[in-house]
Amino acid sequence: MSAKTKIVVLHMREVIYTAIFVALGIFLVLLFIYMFLPDDASDKQILSETAPTFLAGVYTASIDTGNQAMQIEVIVDKDHINSIRLINLDETANVSNPLMETTLDNLSTQILNNQSLTGVTCPDESRYTAQTLYDAINRAVKKATPVSGNEITIK
């Protein structure tokens, strides 16, 4: 067996220089990665400050109650929901759906006060009417929103 031992002589100065250059190289690579990756948070913040929340106008969504069709009208400006109301509502609709107007008044008050569709609540006795109205309001607001958001449901 011929085992030849090799001895490597390293000068301490060369080891220190090599370690410093490796650390400096790693630091520069990390610095370049940090500098050139897009910063999503600041881009979104700038976009949200300059872009309007809504496209100003009057938007409608239909509600089919089985025997007749009604429409929800949502009026918005660039930053606010200004009003929500039922249109094409006749006397027979009031008789067949007595909770329709009071439930819409409750929903629209909450939405106009919060300027948001989140956190809207309703009483249990008008839950299905509120869900139907809320879905129509959500569809109308989505038409007014430049970039559609996620659908929100009533709790």
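This is a predicted model, so every value here is computed, not measured.

### Observations regarding the sheet that holds strand β1 (residues 57-64)
An order of β1-β2-β3 is seen for the 3 strands of this open sheet, with the pairing classed as antiparallel. What marks the edges here is a single partner per strand, and that holds for β1 and β3 (81-87). Pairwise comparison of adjacent strand axes, ignoring direction, gives a mean angle of 20 degrees for this sheet. Across 6 bridges, strand β2 (residues 69-76) lies against β3 in antiparallel orientation. Opposite E73, over in β3, you have R85 as the bridge partner. Where helix α4 (residues 100-114) meets the sheet, its contacts fall on β2 and β3, and the angle it forms with β3 comes to roughly 170 degrees. Helix α5 (residues 127-144) contacts β1, β2 and β3 of the sheet and is inclined by roughly 145 degrees relative to β1.

### Considering the side chain of E73
Structurally, the position occupied by E73 is in strand β2. Excluding its chain neighbours within four sequence positions, the residues that come into contact with E73 are V58, Y59, T60, S83, I84, R85 and I87.

### With respect to the pattern of salt bridges
By the definition in use, this model includes 1 salt bridge. Among the ionic pairs, E73 bridges to R85, the shortest N-O distance being 2.5 Å. Of this pair, E73 sits in strand β2 while R85 sits in strand β3, placing them 12 residues apart in sequence.

### Section: the confidence of the model for the chain
Mean pLDDT for the chain: 81, with 79% of residues reaching 70 or above. Per-element averaging of pLDDT across the chain places helix α2 (residues 40-50) at the bottom with 54 and helix α1 (residues 12-36) at the top with 93. The low-confidence segment residues 148-155, where pLDDT is below 50, has 16 contacts with residues more than four positions distant or belonging to other chains.

Each value, and the rule that gives it
Residues numbered from 1 in each chain as written. Predicted model: local features only at pLDDT ≥ 70, side-chain atom pairs only at ≥ 80, totals over all residues. Heavy atoms only, no water. Pairing = 2+ DSSP bridges. Helix = DSSP H or I, 4+ residues; strand = E, 2+ residues; numbered from the N terminus. Axes fitted to C-alpha atoms, helices over the stretch in contact; angles between N-to-C directions. Contact = heavy atoms within 4.5 Å. Salt bridge = Lys/Arg side-chain N within 4 Å of Asp/Glu carboxyl O. pLDDT = per-residue confidence, 0-100.

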